[in-house]
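Topology and contacts: notes
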Amino acid sequence: MALHVPPSKGQVDKPRTREWYAVQTYSGYEEAVARYLRQRVESLAMSDKIFNILVPKEKTTKVKAGRRQTTEEKIYPGYVLVDMILTEDSWYVVRNTPRVTGFVGPDNTTPSPLSKEEVEALLARTGREDSRVTIDLRVGDLVKITDGPFKEYDGKIAEINEEKGSIKVLVPIFGRDTAVELDSLQVRKV
């Protein structure tokens, strides 16, 4: 079986720089690929060429069953980022990791590094905590409730609590406006 190497084979003597590369994986196996790759880097003594392996994730806040939950979601499902110096050896180690389908580039054998701006934006996004909630609503706005026991009801905002991220909505029940306290993520502007 022939060994596939990057097209830059003749440039091995040229000093290489450390850059980030996007590696495509089977969807849903990003964490496994990162774990396998870390094991391979250690067992094959490649820590001088492969420095960091990252599954880019960000924290998001959603409302489920009337409660706010913070979860981590993958920014780019099906991709793992690798900080490395691209050589024949490092390319081979990454490319032949189980469940890796190839590098992102013109084709699977020609990796293209990510730009410095792309990497900085991604790293900033992964370190950001989505704990502060900004409420883009005003008292008097008409809203539709999208979650909870009053789902699909329309109402009018009576009060906003920015600290808690909650709002009070006046919902017409039995011909009377009833104040219902909701999370701001449980409504959308009409």
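In this text the structure is predicted, and so the values were computed from the model without any measurement.

What counts and what doesn't
- Residues numbered from 1 in each chain as written.
- Predicted model: local features only at pLDDT ≥ 70, side-chain atom pairs only at ≥ 80, totals over all residues.
- Heavy atoms only, no water.
- Helix = DSSP H or I, 4+ residues; strand = E, 2+ residues; numbered from the N terminus.
- Contact = heavy atoms within 4.5 Å.
- Areas by Shrake-Rupley, 256 points an atom, 1.4 Å probe, with all protein chains shown as cover.
- Pairing = 2+ DSSP bridges.
- Axes fitted to C-alpha atoms, helices over the stretch in contact; angles between N-to-C directions.
- Salt bridge = Lys/Arg side-chain N within 4 Å of Asp/Glu carboxyl O.
- Buried < 20%, exposed > 50% of the residue type's maximum accessible area, 1.4 Å probe, protein only.
- Core = buried A, V, L, I, M, F, W, Y, C linked by side-chain atoms within 4.5 Å.
- Arc of directions from axis to C-beta.
- pLDDT = per-residue confidence, 0-100.

**Here's the deal with the overall build of the protein chain**
- Scanning the protein chain from terminus to terminus reveals 3 helices and 11 strands.
- In the protein chain, 60% of the contacts between residues at least 6 apart in sequence involve partners at least 24 apart.
- For the protein chain, the accessible surface area stands at approximately 12100 Å², while carbon and sulfur atoms represent 48% of it.

**As for the sheet that holds strand β7 (residues 142–145)**
- Ordered by their spatial adjacency, 5 strands build an open sheet running β10-β9-β8-β7-β11, and the pairing between neighbours is antiparallel. The open sheet has two edge strands, β10 (176–183) and β11 (187–189), and neither has a second partner. Adjacent strand axes in the sheet meet at a mean angle of 45° when their direction is disregarded.
- Of the strand pairs in this sheet, strand β9 (residues 166–173) and β10 are connected by 8 bridges, and their pairing is antiparallel. The residue of β10 that forms the bridge with P172 is D177.

**A few points about the pattern of salt bridges**
- Under the counting rule described, the total for this entry stands at 8 salt bridges.
- Its salt-bridge partner being R18, residue D83 comes within 2.7 Å of it at the nearest N-O pair. Of this pair, D83 sits in strand β5 (residues 79–85) while R18 is found in strand β1 (residues 18–25), placing the two residues 65 residues apart along the sequence.
- For R18, a relative accessible area of 49% gives the class partly exposed.

**Here we look at the nonpolar core**
- Residues L37, I50, I53, V82, M84, V94 and F103 are the most contacted members of the largest nonpolar core, which totals 19 residues.
- Here I50 is in contact with V41, V82, D83, M84, S90, V93 and V94, once residues within four sequence places are set aside.
- In terms of nonpolar packing, the next biggest core, distinct from the first, is built from 12 residues, L137, I145, I167 and L182 among them.

**Remarks on the pairing of strand β8 (residues 154–161)**
- Alignment of β7 against β8, held across 3 bridges, turns out to be antiparallel. For L142, the partnering residue across the bridge sits in β8 and is K156.
- Note that β8 and β9 share 5 bridges and pair antiparallel. The partner of I157 across the bridge, within β9, is V169.
- Hairpin geometry of β8 and β9 is characterised by an intervening segment of 4 residues between the two adjacent antiparallel strands and by a positive phi of about 75° at G165.

**Re helix α2 (residues 88–95)**
- Taken residue by residue, α2 has S90, W91, V93 and V94 as its buried positions. The buried residues of α2 occupy an angular sector of 165° when projected down its axis, which confines them to one face.
- Of the surrounding elements, those touching the buried residues of α2 are β1, α1 (30–43), β2 (50–54), β5 and β6 (100–103).

**Details of the sheet that holds β1**
- Spatially, 4 strands are ordered β2-β5-β1-β6 in an open sheet, and the strand pairing comes out antiparallel. Looking at strand neighbours, the two that pair on one side only are β2 and β6, the edges of this open sheet. Strand after strand, the sheet turns through a mean of 30° between neighbouring axes, direction not considered.
- Summarising the sheet, β1 and β6 pair through 3 bridges and their orientation is antiparallel. From the neighbouring strand, Q24 faces β6, where its bridge partner is G102.
- Contacts from α1 reach β1, β2, β5 and β6 within the one sheet, and its direction differs from that of β2 by about 165°.
- Those strands touched by α2 are β1, β2, β5 and β6, and its axis lies near 145° from that of β6.

**Observations concerning the confidence of the model for the protein chain**
- Chain-level pLDDT for the protein chain is 85 on average; 85% of the residues reach the 70-or-more range.
- Note on residues 1–5: pLDDT is under 50 here. Beyond four places in sequence and across chains, it has 4 contacts.
- In the model, residues 9–13 has pLDDT below 50 throughout and makes 3 contacts with residues more than four positions away in sequence or in other chains.

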